[in-house]
Amino acid sequence: QWSPDGALYVLSDRNNWWNLYRVHGDGDLHPVFEIAEECASTPWNFGLRSYHFSATQTVAILSQHQATVSLHRVHRPDGSVKTTTLDATSFSGTSILVGDSLFAVMGNQTRAFSVMRIDTSDGSLSMVAPDQPPASIGEISPPQPVNFPNRSGRGLVAYLYNPANENYEGGATE
């Protein structure tokens, strides 16, 4: 994607995580913000956006790691970063920036995927359009990340959902 000042920005997994890089005139990639989190949701699907340029020389980047979604606001001239952990465990990769508001489709253990508004100035989150009524936290098993080692050393993450529902109880032998 081209920034407002004409620089080309791309997503690359050269550090084993999908992160944002600026392409310099010689073709070299320079990290905008390196983090051990995914800053792209299935980047091989066209049209998904996880980063946006604002008029204030800031790039807003959504990232996901294990069961956490974060907003990173990177000031491009000096590289300073402000990070906010959002009340979301998953992000669909669909987002758009309108003024200072980033609209994204995300959910958590009690809220199905919904259109959410993120204020990029402070990272506050509010629901715009719910997909369905929220569930009671006592009816849902929260995701617990489980790491499995592999040869790369990075590990593989899976989510464990232990049985939980305040309205039901297992038998004495369960």
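Our structure's up above, just so we're on the same page.
Residues numbered from 1 in each chain as written. Predicted model: local features only at pLDDT ≥ 70, side-chain atom pairs only at ≥ 80, totals over all residues. Heavy atoms only, no water.

## Re the sheet that holds strand β7 (residues 81-86)
Line of reasoning, step 1. The strand order across the open sheet formed by four strands is β4-β5-β6-β7, and the pairing between neighbours is antiparallel. Of all the strands in the sheet, the pair left with one neighbour each is β4 (51-53) and β7. Sheet twist, expressed as the mean angle between neighbouring strand axes with direction ignored, is 15°.
Line of reasoning, step 2. Pairing between strand β6 (residues 68-75) and β7: six bridges, direction antiparallel. Bridging across to β7, Val-74 finds its partner in Val-81. (Pairing = 2+ DSSP bridges. Helix = DSSP H or I, 4+ residues; strand = E, 2+ residues; numbered from the N terminus. Axes fitted to C-alpha atoms, helices over the stretch in contact; angles between N-to-C directions.)

## What about the environment of Ser-92?
Line of reasoning, step 1. Tracing the sequence through the fold places Ser-92 in strand β8 (residues 90-98).
Line of reasoning, step 2. Looking at Ser-92, the relative accessible area reads 25%, which means it is partly exposed.
Line of reasoning, step 3. Residues Ser-92 and Arg-73, 19 residues apart in the sequence, show an inter-C-alpha distance of 19 Å.
Line of reasoning, step 4. Apart from residues lying up to four places away in sequence, Ser-92 is in contact with Ser-41, Leu-48, Val-105 and Phe-113.
Line of reasoning, step 5. A polar atom in the side chain of Ser-92 sits 3.2 Å from the backbone nitrogen of Thr-94. (Buried < 20%, exposed > 50% of the residue type's maximum accessible area, 1.4 Å probe, protein only. Contact = heavy atoms within 4.5 Å. Polar contact = N/O pair within 3.5 Å; in protein donor to acceptor, adjacent residues only side chain to side chain.)

## Details of unusual backbone geometry
Line of reasoning, step 1. Despite not being glycine, Asn-16 has its phi angle at roughly 75°, a positive value.
Line of reasoning, step 2. You can see Asn-16 is positioned in the loop between β1 (8-12) and β2 (19-23).
Line of reasoning, step 3. Within the chain, Gln-66 stands out as a residue other than glycine whose phi angle is a positive 50°.
Line of reasoning, step 4. For Gln-66, the location among the structural elements is in the loop between β5 (58-65) and β6.

## Notes on the pairing of strand β11 (residues 125-129)
Line of reasoning, step 1. Taken together, the four bridges between strand β10 (residues 111-119) and β11 define a ladder with antiparallel strand orientation. Paired with Met-116 across the strands is Met-127, a residue of β11.
Line of reasoning, step 2. Between β10 and the antiparallel strand that follows it, β11, lie five residues; Gly-123 among them carries a positive phi value of about 80°.

## Section: a nonpolar patch on the surface
Line of reasoning, step 1. Residues Val-157, Tyr-159 and Tyr-161 make up a contiguous nonpolar surface patch of about 280 Å² in total accessible area.
Line of reasoning, step 2. Within the secondary structure, Val-157 sits in strand β13 (residues 156-160). (Patch = residues over 30% accessible without salt bridge, like charges linked within 9 Å, V, L, I, M, F, W, Y side chains within 5 Å. Areas by Shrake-Rupley, 256 points an atom, 1.4 Å probe, with all protein chains shown as cover. Salt bridge = Lys/Arg side-chain N within 4 Å of Asp/Glu carboxyl O.)

## Quick word on the nonpolar core
Line of reasoning, step 1. Grouped together as the largest cluster of nonpolar side chains are 13 residues, with contacts concentrated most on Leu-62, Leu-71, Leu-86, Met-106 and Ile-118.
Line of reasoning, step 2. Contributions of two or more residues to this core are made by β5, β6, β8, β9 (101-108) and β10.
Line of reasoning, step 3. When neighbours within four sequence positions are excluded, Leu-86 is seen to be in contact with Leu-62, Val-69, Ser-70, Leu-71, Met-106, Ile-118, Gly-123 and Leu-125.
Line of reasoning, step 4. Among the nonpolar cores identified, the runner-up in size contains twelve residues, and Leu-20, Phe-33, Cys-39 and Tyr-51 belong to it. (Core = buried A, V, L, I, M, F, W, Y, C linked by side-chain atoms within 4.5 Å.)

## Let's talk about the pattern of salt bridges
Oppositely charged side chains can pair when the atoms bearing their charge come close.
Line of reasoning, step 1. Applying the stated criterion across every chain yields a total of two salt bridges.
Line of reasoning, step 2. Here Arg-76 ties to Asp-5 by a salt bridge, and the two come within 3.4 Å at their closest N and O atoms. Taken together, the positions of Arg-76 in the loop between β6 and β7 and Asp-5 in the segment before β1 put the pair 71 residues apart, joining distant regions of the chain.
Line of reasoning, step 3. For Arg-76, a relative accessible area of 18% translates into the label buried.
Line of reasoning, step 4. Residue classification places Asp-5 among the exposed residues on the basis of a relative accessible area of 52%.
Line of reasoning, step 5. Residues Arg-117 and Asp-119 are paired through a salt bridge, measuring 3.8 Å at the closest nitrogen-oxygen approach.

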